[in-house]
Amino acid sequence: MRVSEVTSGASGAWAVALAALFLSGCLELPRPTLQDGPIDEMILARRALRLADVEVTDARPADELLPLSPAVRYVIPLVLWNQWATEGNLRPDAATYTEDLRGDMTALVRQAFTGSGSFATQGSGEALRIKLRINHLYGVTHDSSTSYYPLVYASFNKRTFGAYGYAEAHLEVASAAGRVLGTREVVGFFDPNLSDLVARGAGGMITLRVRPVLAHAAAMAAGNLASNVVLAVDLIVAGHPRPTPLAVETMKTFFLVRAVPEGPFLEVAGVDIETGKVLSDVIVPRWMEPYSAINEWIVDPYHGGQERLTQDEYDALVQRLQATYDVRYVTDARSAHFFGVKRAAAPAASRAASTLPRAAEPEGSQKPRE
Amino acid sequence: VLGVAGLSACQAPVGMYGHRPAELWMLPSDATPVPPPRCAYQGQPIVLKRLENASRAPVGAHFFGAQPSANSMLQAYAPAGDLSVPIFEAAYASLRAARFPVWKDYTPSPEVRHAPPGSAAFTVVHGIVEELEVSTFDVADQLQPDEAARAKIVLTVEDREGKVKKRFVAEPKVRLRRGSGDVLVALGQQVARQIAEVFNAGL
């Protein structure tokens, strides 16, 4: 979280005038709504499923709906010199960013599903019902300031942390008949350090007009929550067949993936199955939920794209790779680790010995070399 | 007199659960985490589901701790607010080190169950992080040589059909000397210890 420190000195009169300017609303930011929350672009595997109903309930605790202000740590009021300090979390009134949570979130979730292409909105596929119970939603920051007021001179020392947006909801996915297929706790967040908000100048406003920015952060978190609901549902229904299943027997390339330790990124490498040659190697933002430990190479369950394989497809792919490569389920019940080429590999892969790792490592996993 | 009157209005800032940072720092120090007891469990393989996060904010840490520790998991997952991943990984590693027949499953939904390779029967451990607070930064923290964290995690043990066999709450609390370890990893080790005790005692 970014921290900005502001230390300034000004005449008392000038400080009062500045404060009056900002408090008067001259620089009022547009009032955000939850539906301003952007939905992440994603294209998921199309399943033979239909989104029948989205039901949103509001279960936010009462104390989260109220504004929260930094506490006064101390006050030293004297005749010629005043000093006081405040510190604590700052959160706006919930009504600042939504007055119709159910309507706003329902619209956001439907928009996210439509954009993903995951489910049909109409047709004859099996119908699913989505229930979402919003437990938390707010924008919050932490603020620390000390103000000194000698008779005619004002000085401020202020530390403001970035505006963090957060949302959490309980998700239930059920068939039309009411059979629960899966439940999840889903989180949405917004961290200005990870966005261009600060670059666009709103970062400067954080210290001046913090409440609209916090409302904006809450809206961004709501959008992220809607996107993550789609990803969570995709995981729950991943066992459902896809209209165009992966032709494991004839495919020529497989993908390895590892979570990068330096941040929320993935390194994805495409490998020619026959020769073991690395065809591509890119580092991309991790847009989906975590699915492996840091720095461990696994056979990519998304097959280098955004369409998660069914477990049957994945198992079949692993089985085919095991003819040539040391690919095993060692720690994870669903994802197979990659340990290089087998010692007694097929001739074609043996010819590629210069491009592949020497042998399987018992405690680690590794990617073929280019 | 006025100064004293002003000081009487003092309030300490509180975190997302109403705790003062000092309450975290005053936790008993656990400089040498106790590993889980050796596996005495003779039952089916255990599938440990990735922990779910339902905490109020993934971090009180965002306000009392911003600088990620050197731990790479924290760096990778803190930006997305998913600090439960390092706790999950540490719990898994501790159980495996204690020779429990445990497997990871990164699909958190308890209803979505998958047998580990070579096993038809298995037991599922599912957990929800209901509270998580980490204190790793703040002005006062610069004077504070320790890092501290606490969590409340509701754990459920189920059979492969989803029948609940045991439900319990882990409330790990850790305080470590800065630089001597990662508080999230230490939390995970404490969770592992509690899971190990439950399985060793028999379900």
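For the structure, check the block above.
The structure presented is a predicted model; accordingly, all values stated were derived computationally and were not measured.

(A) Representation of the overall build of chain B in the model. Regarding its fold elements, chain B presents six helices and seven strands. Traced from its N-terminal end to its C-terminal end, chain B shows the element sequence α-α-β-β-α-α-α-β-β-β-β-β-α. For chain B, the share of sequence-separated contacts (at least 6 apart) that also reach a separation of at least 24 residues comes to 74%.

(B) Summary view of the pairing of strand β14 (residues 337-341) of chain A. All names here are of chain A. For β14, the tally of buried residues reaches five of five residues, placing the bulk of the element in the interior. Where strand β13 (residues 325-328) meets β14, three bridges bridge the pair, whose relative direction is antiparallel. Among the inter-strand pairings, Arg 328 is bridged to a residue of β14, identified as His 337.

(C) Up close: a nonpolar patch on the surface. On the surface, Leu78(A), Val79(A), Leu80(A) and Trp81(A) cluster together to form a nonpolar patch covering roughly 410 Å² of accessible area. Assignment of secondary structure puts Leu78(A) in the loop between β3 (71-77) and β4 (81-90).

(D) Molecular detail of the packing of helix α5 (residues 84-97) of chain B against helix α6 (residues 183-201) of chain B. Residue and element names in this part refer to chain B. For the pair α5 and α6, the least separation of the axes is 7 Å and the interaxial angle reads 50 degrees. By the angle class used here, α5 and α6 are oblique. Crossing angle aside, the handedness with which α5 passes α6 is right-handed. On α6, the residues that touch Pro 86, Ile 87, Ala 90, Ala 91, Ser 94 and Leu 95 of α5 are Leu 184, Val 185, Leu 187, Gly 188, Gln 189, Val 191, Ala 192, Ile 195 and Ala 196. By residue class, the composition of the contact of α5 with α6 is twelve nonpolar, three polar and no charged.

(E) View of empty space enclosed by the protein. One pass over the structure, following the stated rule, counts two cavities of 30 Å³ or more. Taken together, 15 residues line the largest cavity, and the ones lying closest to its centre are Leu235(A), Pro290(A), Tyr291(A), Tyr302(A) and Arg308(A). Top element by residues in the lining of the largest cavity is helix α5 (residues 210-236) of chain A. It accounts for three residues. Here the residues of the lining of the largest cavity are counted per class, giving seven nonpolar, two polar and six charged. In this structure, the second largest cavity spans a volume of roughly 30 Å³. In terms of lining, the second largest cavity is formed by Tyr291(A), Ser292(A), Ala293(A), Glu296(A), Ile298(A), Thr331(A), Asp332(A), Ser335(A), His337(A), Lys104(B) and Tyr106(B).

(F) Summary view of the packing of aromatic side chains. Tallied over the full model, the rule gives seven aromatic pairs over all chains. Seen from their ring centres, Tyr325(A) and Phe338(A) are 5.8 Å apart, and the 45 degrees between their planes marks the pair as tilted. In this pair, Tyr325(A) is assigned in strand β13 and Phe338(A) in strand β14, connecting sequence segments 13 residues apart. By relative accessible area, which is 0% here, Tyr325(A) ends up buried. Each ring, one from Phe88(B) and one from Tyr106(B), has its centre 5.3 Å from the other, and the planes form 85 degrees; the classification is edge-to-face. With Phe88(B) in helix α5 and Tyr106(B) in the loop between β3 (102-105) and β4 (123-135), the pair connects residues that are 18 residues apart, well separated along the chain. Of the two residues examined, Phe88(B) and Tyr106(B), each falls in the buried class. The residue whose ring lies beneath Arg96(B) is Trp103(B), and the NZ or CZ to ring-centre distance is 5.5 Å. Between the NZ or CZ atom of Lys104(B) and the centre of the ring of Tyr92(B), over which it lies, the distance is 5.0 Å.

(G) Looking closely at unusual backbone geometry. Positive phi values are uncommon outside glycine, yet Asn295(A) reaches one of about 65 degrees. Structurally, Asn295(A) can be placed in the loop between β11 (278-285) and β12 (298-299). Located in the positive-phi region is Arg99(B), a residue other than glycine, with phi close to 70 degrees. In this structure, Arg99(B) sits in the loop between α5 and β3.

(H) Spatial organisation of the environment of Ala115(B). Turning to its location among the elements, Ala115(B) is positioned in the loop between β3 and β4. In this structure the C-alpha to C-alpha distance between Ala115(B) and Ile46(B), which are 69 residues apart in sequence, comes to 9.4 Å. Once you skip the residues sitting within four places of it in the chain, Ala115(B) turns out to touch Ala333(A), Ala120(B) and Phe122(B).

(I) Highlighting the pattern of salt bridges. Evaluation of the coordinates by the stated rule reveals 14 salt bridges over all chains. The closest approach of N and O atoms between Asp105(B) and Arg334(A), which form a salt bridge, is 2.8 Å. Highlighted residues: Asp105(B) in strand β3 and Arg334(A) in the loop between β13 and β14, drawn from two different chains. Comparing Asp105(B) with Arg334(A) shows no difference in burial state: the two are buried. Here the residues in one salt-bridge network are Arg184(A), Glu289(A), Arg50(B) and Glu52(B), joined through shared partners.

About the criteria used
- Residues numbered from 1 in each chain as written.
- Chains lettered and ligands numbered in written order.
- Predicted model: local features only at pLDDT ≥ 70, side-chain atom pairs only at ≥ 80, totals over all residues.
- Heavy atoms only, no water.
- Helix = DSSP H or I, 4+ residues; strand = E, 2+ residues; numbered from the N terminus.
- Contact = heavy atoms within 4.5 Å.
- Buried < 20%, exposed > 50% of the residue type's maximum accessible area, 1.4 Å probe, protein only.
- Pairing = 2+ DSSP bridges.
- Patch = residues over 30% accessible without salt bridge, like charges linked within 9 Å, V, L, I, M, F, W, Y side chains within 5 Å.
- Areas by Shrake-Rupley, 256 points an atom, 1.4 Å probe, with all protein chains shown as cover.
- Salt bridge = Lys/Arg side-chain N within 4 Å of Asp/Glu carboxyl O.
- Axes fitted to C-alpha atoms, helices over the stretch in contact; angles between N-to-C directions.
- Parallel < 35°, antiparallel > 145°, perpendicular 65-115°, else oblique.
- Left-handed = near helix turned anticlockwise from the far one by under 90°.
- Nonpolar A, V, L, I, M, F, W, Y, C, P; charged D, E, K, R; others polar.
- 1 Å grid on protein atoms, 1.4 Å probe; cavity = no way out; pocket = protein on both sides within 12 Å on 5 of 7 lines; lining within 4 Å.
- Points joined across faces, edges and corners; volume = space filled by probe spheres on them.
- Phe/Tyr/Trp six-rings, centres within 6.5 Å; stacked < 30°, edge-to-face > 60°.
- Lys NZ or Arg CZ within 6 Å of the ring centre and 35° of its normal.

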